[in-house]
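Descriptive analysis of the structure
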Amino acid sequence: MNAAALWVLQMRLRDSALDIVRFGYPTVRGGLDEGAAQLSRRLQSLQGEEIHLVAHSLGGLVVLRALELTPDARDRRIVLMGSPVAGSLSGRRLASFQAGRALLGANTNVWEAPHAVHVPAGVEIGVIAGTAPVGLG
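A brief look at the structure comes next. Think of each chain on its own: its residues are numbered from 1, step by step along the sequence as written. A pLDDT threshold of at least 70 governs which residues receive local features in this predicted model, and a stricter bar of 80 or more applies before side-chain atom pairs are shown or counted, although totals over entire chains, interfaces and linings include all residues. Side-chain figures throughout are based on the complete set of non-hydrogen atoms in the structure, without hydrogens or water.

Remarks on helix α3 (residues 58-69)
Numbering of helices and strands runs from the N terminus, with a helix taken as a DSSP run of H or I at least four residues long and a strand as a DSSP run of E at least two residues long. Multiplying one less than the number of residues by 1.5 Å gives the expected span of a helix. When the terminal C-alpha atoms of α3 are compared, their 17 Å separation across 12 residues agrees well with the 16 Å that a helix rising 1.5 Å per residue should span. Accessible area is worked out with a 1.4 Å probe on protein chains only. A residue is then buried under 20% of its type maximum, exposed over 50%, and partly exposed in between. With nine of 12 residues buried, α3 lies mostly within the body of the structure. Within the span of α3, buried status applies to L58, G59, G60, L61, V62, V63, L64, A66 and L67. In this fold, the buried residues of α3 make contact with α2 (32-45), β1 (51-56), β2 (75-81) and β3 (124-128). Residue contacts follow a heavy-atom distance rule, with two residues in contact if any of their heavy atoms lie within 4.5 Å.

Listed below in structure tokens is the structure:
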């Protein structure tokens, strides 16, 4: 999904007194490290004393990798929504088809296995994940 997919969430948070910035990255053409490098540059360009990150799906792994590559003392909280930190049954199923591999692109392998999670000291992390096998999962 691109950054437009989180527009509704941005609208719901607009009255929170936070400056909301959406970030998109090339999920099919670019790999995890490319997206993380782009996000690191974007975070460095932001003003403010604190940064809180909300990430959906693969974006959660991009956020974690970005913070691993370029820790920022302003990072305070991360919320991951449905991120495949432990791999993804849906992703593995999708990758078993040629068309699915084309959709997953450069990140096909990211969905297959659990990932080491490195959260910088002082950063709180929360995870929102389902427990019912709905949809592809």
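Digging into the nonpolar core
Think of a nonpolar core as a cluster: buried Ala, Val, Leu, Ile, Met, Phe, Trp, Tyr and Cys residues, connected wherever their side-chain atoms sit within 4.5 Å. Ranked by size, the top nonpolar core spans 22 residues in total, and within it L53, L58, V63 and I78 carry the most contacts. Of all the elements in the fold, those that place two or more residues in this core are α2, β1, α3 and β2. In terms of residue count, the dominant contributor to this core is α3 (seven residues). If near-sequence neighbours (up to four positions away) are discounted, I78 is found in contact with L53, V63, L64, L67, V123, E124, I125 and G126.

A word on the packing of aromatic side chains
Pairing of aromatic rings covers Phe, Tyr and the six-membered ring of Trp, with a centre-to-centre limit of 6.5 Å; geometry is then stacked below 30 degrees between planes, edge-to-face above 60, and tilted otherwise. Summed over all chains, the structure comprises one aromatic pair. Relative to Y25, the ring of F23 has its centre 6.0 Å away and its plane inclined at 20°; by these criteria the two rings are stacked. Judged by relative accessible area, F23 falls into the partly exposed class, the value being 22%. On the basis of relative accessible area, Y25 is assigned to the buried category, the value being 18%.

Considering α2
With 14 residues, α2 ought to run about 20 Å at 1.5 Å a step, and its terminal C-alpha atoms sit 20 Å apart, in line with that. Of the surrounding elements, those touching the buried residues of α2 are β1 and α3.

Comments concerning the sheet that holds β2
In spatial order, the strands read β1-β2-β3; together these three strands make up an open sheet with parallel pairing. Both edges of this open sheet fall to β1 and β3, since each of them pairs with a single strand only. Pairwise comparison of adjacent strand axes, ignoring direction, gives a mean angle of 10° for this sheet. Two strands pair if DSSP finds at least two bridges between them. Pairing between β1 and β2: six bridges, direction parallel. Within β2, the residue paired with V54 across the bridge is V79. Set on the sheet, α3 makes contact with β1, β2 and β3; between it and β1 the angle comes to about 145°. Axis lines are fitted to C-alpha atoms, over the contacting stretch for helices. Their N-to-C directions set the angle, which ranges from 0 to 180 degrees.

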